[in-house]
Amino acid sequence: MIRTWAIHYPVTLASAHSAADRELADFPNFGRDDETTYRDGFDKIYEVCWLNVFSAKLVETVGRERMLTTPAHRVEELPDGSVLLVTWPTAADFASEAARVAQARAWVHLRPDLDFDTAMATLRERSAILAPVAPRYAPDIAALLSRLPEYASLAQRQRRIAELNAYVPPEPDEWLPLDAALPSDVTDPKAALAQYAYFAEQLVALLHTPVPSVFKATPESLTDIDFHFWKETFPDIFERHNVDAIVVPAVGAYLGEVLVKHLGGQWLPRKQWMEAQVRVGDRVWLPFVRAHRYMRSTQALLDHSLTQLFNVARRHAY
């Protein structure tokens with residue numbers, strides 16, 4: 001039956017293990033521009049993947065006898081004249097050395113113009129790109145960085161992990177020693193604290209749907225907020241005056257509230273909210289200054305994350 005191959009090699013499994021390889025092969029363009037790809041389609045064999053179904057027309061172009069004698073794990077002629085070709089028994093290790101050798105042999109058999117050593121060099125390079133990289137992220141932001149690789153393509157995911165392993169954010173400097181803290185200069189501290197609470201509620205109103213944990217005001221919610229803003233490239237797509245006037249005070253107040261709630265912090269309110277501080281241990285932190293830097297760009301969300309500041313403040317809290 002024409003679909004017997006799907007029983008032996010489920011499409012979901014084949015797709016999961018070969019999508020990254022197809023991307024590295026520039027499928028379906030194979031180095032051609034879009035106009036040429038659209039015009040010529042699959043007029044010849046450009047690449048051989050772990051699992052292939054070659055159309056009857058392409059089989060005739062290559063030569064049915066050549067196609068059916070391809071050195072491969074499985075070569076099956078299907079009822080409509082197309083041919084199923086599987087280079088290696090299992091998809092999970094399609095990038096192993098032995099699997100790449102089998103793939104290269106099939107490839108050069110179907111493309112006599114290709115050199116085996118050149119084909120192997122190409123396939124080994126792809127395997128190196130796909131080789132697993134163990135995450136070793138900076139501890140203070142590991143919870144945040146661990147979420148980022150899933151937004152890289154399958155083919156670039158391991159390289160992204162390696163990049164993030166090497167990334168070290170600047171040490172937070174939005175703090176003062178306690179003896180250098182700015183004294184509160186407001187006449188009504190309760191009103192100032194109410195204003196900060198209102199600012200924080202603005203962030204809850206903004207993010208409650210995409211980031212439900214924002215209701216909890218926990219350290220974990222800070223990471224969820226960091227990730228959401230990064231994923232949406234928030235600082236780079238919204239109008240700057242709205243970001244500065246609405247989002248910066250909301251983020252700063254929310255960060256300050258988490259410091260108060262989870263580290264026993266104490267607000268030191270100021271007439272200028274950008275100068276407001278939260279006392280934690282022998283330091284005072286400037287959450288609104290942090291929020292201002294944080295919202296400069298998508299990269300700044302990582303360089304000045306809420307997650308990192310909280311973790312550093314916690315380390316110095318006692």
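Residues numbered from 1 in each chain as written. Predicted model: local features only at pLDDT ≥ 70, side-chain atom pairs only at ≥ 80, totals over all residues. Heavy atoms only, no water.

A separate point is the sheet that holds strand S3 (residues 83-86). The 3 strands lie next to each other as S1-S3-S2, forming an open sheet whose pairing is antiparallel. Two strands close off the open sheet at either side, each with one partner strand: strand S1 (51-54) and strand S2 (74-77). The average undirected angle you get between the axes of adjacent strands in this sheet is 10°. Here 4 bridges tie S2 to S3, and the two strands are oriented antiparallel to one another. Looking at the pairing, Glu 77 lines up with Val 83 of S3. (Pairing = 2+ DSSP bridges. Helix = DSSP H or I, 4+ residues; strand = E, 2+ residues; numbered from the N terminus. Axes fitted to C-alpha atoms, helices over the stretch in contact; angles between N-to-C directions.)

Inspection of every chain in the model, using the stated rule, returns 16 salt bridges. The residue Asp 224 makes a salt bridge to Arg 147 at a minimum N-O spacing of 2.6 Å. Placement of the pair is Asp 224 in helix H11 (residues 219-231) and Arg 147 in the loop between helix H8 (142-145) and helix H9 (157-166), with a sequence separation of 77 residues. You can call Arg 147 partly exposed: its relative accessible area is 25%. When the shortest N-O distance is used, the salt bridge between Arg 290 and Glu 174 registers 3.0 Å. You can see Arg 290 sitting in helix H14 (residues 287-294) and its partner Glu 174 sitting in the loop between H9 and strand S4 (175-177), a full 116 residues away along the chain. (Salt bridge = Lys/Arg side-chain N within 4 Å of Asp/Glu carboxyl O. Buried < 20%, exposed > 50% of the residue type's maximum accessible area, 1.4 Å probe, protein only.)

The full count for this structure, using the stated rule, is 14 aromatic pairs. Each ring, one from Phe 199 and one from Phe 288, has its centre 6.4 Å from the other, and the planes form 80°; the classification is edge-to-face. Taken together, the positions of Phe 199 in helix H10 (residues 189-207) and Phe 288 in helix H14 put the pair 89 residues apart, joining distant regions of the chain. The exposure classification of Phe 199 matches that of Phe 288, with both residues buried. (Phe/Tyr/Trp six-rings, centres within 6.5 Å; stacked < 30°, edge-to-face > 60°.)

Moving on, we come to the confidence of the model for the chain. Confidence along the chain averages 90 in pLDDT terms, with 92% of residues attaining 70 or more. Low pLDDT (under 50) marks residues 1-17, which in the prediction has 24 contacts with non-local residues, meaning those over four places away or in another chain. (pLDDT = per-residue confidence, 0-100. Contact = heavy atoms within 4.5 Å.)

The subject of this paragraph is the packing of H11 against helix H13 (residues 240-263). Contact geometry of H11 with H13 gives a least axis separation of 10 Å together with a crossing angle of 160°. In terms of orientation, H11 lies roughly antiparallel with respect to H13. The chirality of how H11 crosses H13 is left-handed. Every residue of H13 that contacts H11 at Pro 219, Ser 221, Leu 222, Ile 225 and Phe 229 is listed here: Val 247, Val 251, Tyr 254, Leu 255, Val 258 and His 262. The class makeup of the residues in the contact of H11 with H13 is 9 nonpolar, 2 polar and no charged. (Parallel < 35°, antiparallel > 145°, perpendicular 65-115°, else oblique. Left-handed = near helix turned anticlockwise from the far one by under 90°. Nonpolar A, V, L, I, M, F, W, Y, C, P; charged D, E, K, R; others polar.)

Tracing the backbone shows Ala 192 in helix H10. Setting aside residues no more than four positions away along its own chain, Ala 192 makes contact with Val 186 and Pro 269.

On to helix H6 (residues 97-110). Its 14 residues place the ends of H6 20 Å apart at the C-alpha level, agreeing with the 20 Å of an ideal helix rising 1.5 Å per residue. A large share of H6 lies buried, amounting to 11 of its 14 residues. Every buried residue of H6 is accounted for by Ala 99, Arg 100, Val 101, Ala 102, Gln 103, Ala 104, Ala 106, Trp 107, Val 108, His 109 and Leu 110. (Expected span 1.5 Å × (residues − 1).)

Let us now look at the environment of Ala 102. Mapped onto the secondary structure, Ala 102 falls in helix H6. Note on Ala 102: relative accessible area 14%, which makes it buried. In this structure, the C-alpha to C-alpha distance between Ala 102 and His 316, residues 214 residues apart in sequence, is 57 Å.

Counting 54 residues, the largest nonpolar core has Ile 225, Phe 229, Val 251, Tyr 254, Leu 259 and Met 295 as the members making the most contacts within it. Looking at which element gives the most residues to this core, the answer is H13, with 11 residues. Beyond its immediate chain neighbours, meaning those up to four positions away, Phe 229 contacts Leu 203, Leu 207, Phe 234, Pro 235, Val 247, Val 251, Tyr 294, Met 295 and Leu 301. Among the nonpolar cores identified, the runner-up in size contains 18 residues, and Ile 45, Val 83, Val 101 and Ala 119 belong to it. (Core = buried A, V, L, I, M, F, W, Y, C linked by side-chain atoms within 4.5 Å.)

Between its first and last C-alpha atoms H13 spans 32 Å; for 24 residues at 1.5 Å apiece the expected length is 34 Å, and the two agree. Considering bend angle alone, the principal kink of H13 is centred on Val 247 and spans about 35°; proline Pro 249 follows within four residues of it. Following H13 by one or two positions, Gly 264 adopts a phi angle in the positive range, close to 65°. (Bend = angle between axes of the 7 residues up to and from the residue.)

This part covers unusual backbone geometry. For Ala 217, which is not glycine, the phi torsion reads 50° and is therefore positive. Structurally, Ala 217 is set in the loop between H10 and H11. Owing to a relative accessible area of 15%, Ala 217 belongs among the buried residues under this scheme. Positive phi is not limited to glycine here, since Thr 233 has a value of about 45°.

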